[in-house]
Amino acid sequence: FLVTLSGLMFEVGLTRIFSATIWYHYAFVAISVALLGWGLGGFALHLLRGRVAFTRERAAVSTFLYGLSIPLALWLIVRYPFHPDRLVFYFAVSLLPFFLAGLALSMLFAVERERAGKLYFADLVGASLGALTVTFLLSWLGGESAVLAVSIAPFVAAAAFASRLRVPAAV
């Protein structure tokens, strides 16, 4: 739920940022970059099948890295003002968060196969709620702040995925 919620919100936020930082007609390339990243994450996991054990903890690590990559991508986009020579850089930097999110989701679906229907339902509800709320978040916070706020959701999801982490009981 939280990974797809944040992914869709980041995608729309990135579209807004691209419309302000690069030529407006490139703004919707963010959608293509997002779809490519989600798909590449799943494809990479397919290639790693049999060589790497899929666990909830590894999904948590991928999700945590996804959360870190959102502000990193934003920082790099803002740090290096647009120039036509940097177009590929902008798109590659934007691809990384979606790749990590796709990796995490694919791993979670592989680990929790018996609950795939419930996971897919949560996936769709998260994306739907993200699509619904992103416009309010963008109008309230603006593009960059909204993207930073969206990066909180993957950290919460990573904590939920890492179910085997032991938290000491309060004495």
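As a reminder, the structure under discussion sits directly above these lines.
Below: a short report on this structure.

With the rule as written, the count across this model stands at seven aromatic pairs. Ring centres of Phe-89 and Tyr-90 lie 6.4 Å apart, and the angle between their planes is 70°; on these two criteria the pair is classed as edge-to-face. Of the residues examined, Phe-89 reaches a relative accessible area of 30% and is grouped as partly exposed. Above the plane of the ring of Tyr-80 lies Arg-79, whose end atom (NZ or CZ) is 5.6 Å from the centre.

Turning our attention to the pattern of salt bridges. Following the criterion strictly, the structure yields two salt bridges and no others. In this structure, the salt-bridge partner of Glu-112 is Arg-56, at a minimum N-O distance of 3.2 Å. Of this pair, Glu-112 sits in the loop between helix H4 (87-111) and helix H5 (116-141) while Arg-56 sits in helix H3 (residues 56-79); the two residues are 56 residues apart in sequence, bridging distant segments of the chain. Owing to a relative accessible area of 9%, Glu-112 belongs among the buried residues under this scheme. Among the ionic pairs, Arg-115 bridges to Glu-112, the shortest N-O distance being 3.7 Å. When salt bridges with common partners are traced through the structure, they connect Arg-56, Glu-112 and Arg-115 into a single cluster.

Analysis parameters
- Residues numbered from 1 in each chain as written.
- Predicted model: local features only at pLDDT ≥ 70, side-chain atom pairs only at ≥ 80, totals over all residues.
- Heavy atoms only, no water.
- Phe/Tyr/Trp six-rings, centres within 6.5 Å; stacked < 30°, edge-to-face > 60°.
- Buried < 20%, exposed > 50% of the residue type's maximum accessible area, 1.4 Å probe, protein only.
- Lys NZ or Arg CZ within 6 Å of the ring centre and 35° of its normal.
- Salt bridge = Lys/Arg side-chain N within 4 Å of Asp/Glu carboxyl O.
- Helix = DSSP H or I, 4+ residues; strand = E, 2+ residues; numbered from the N terminus.

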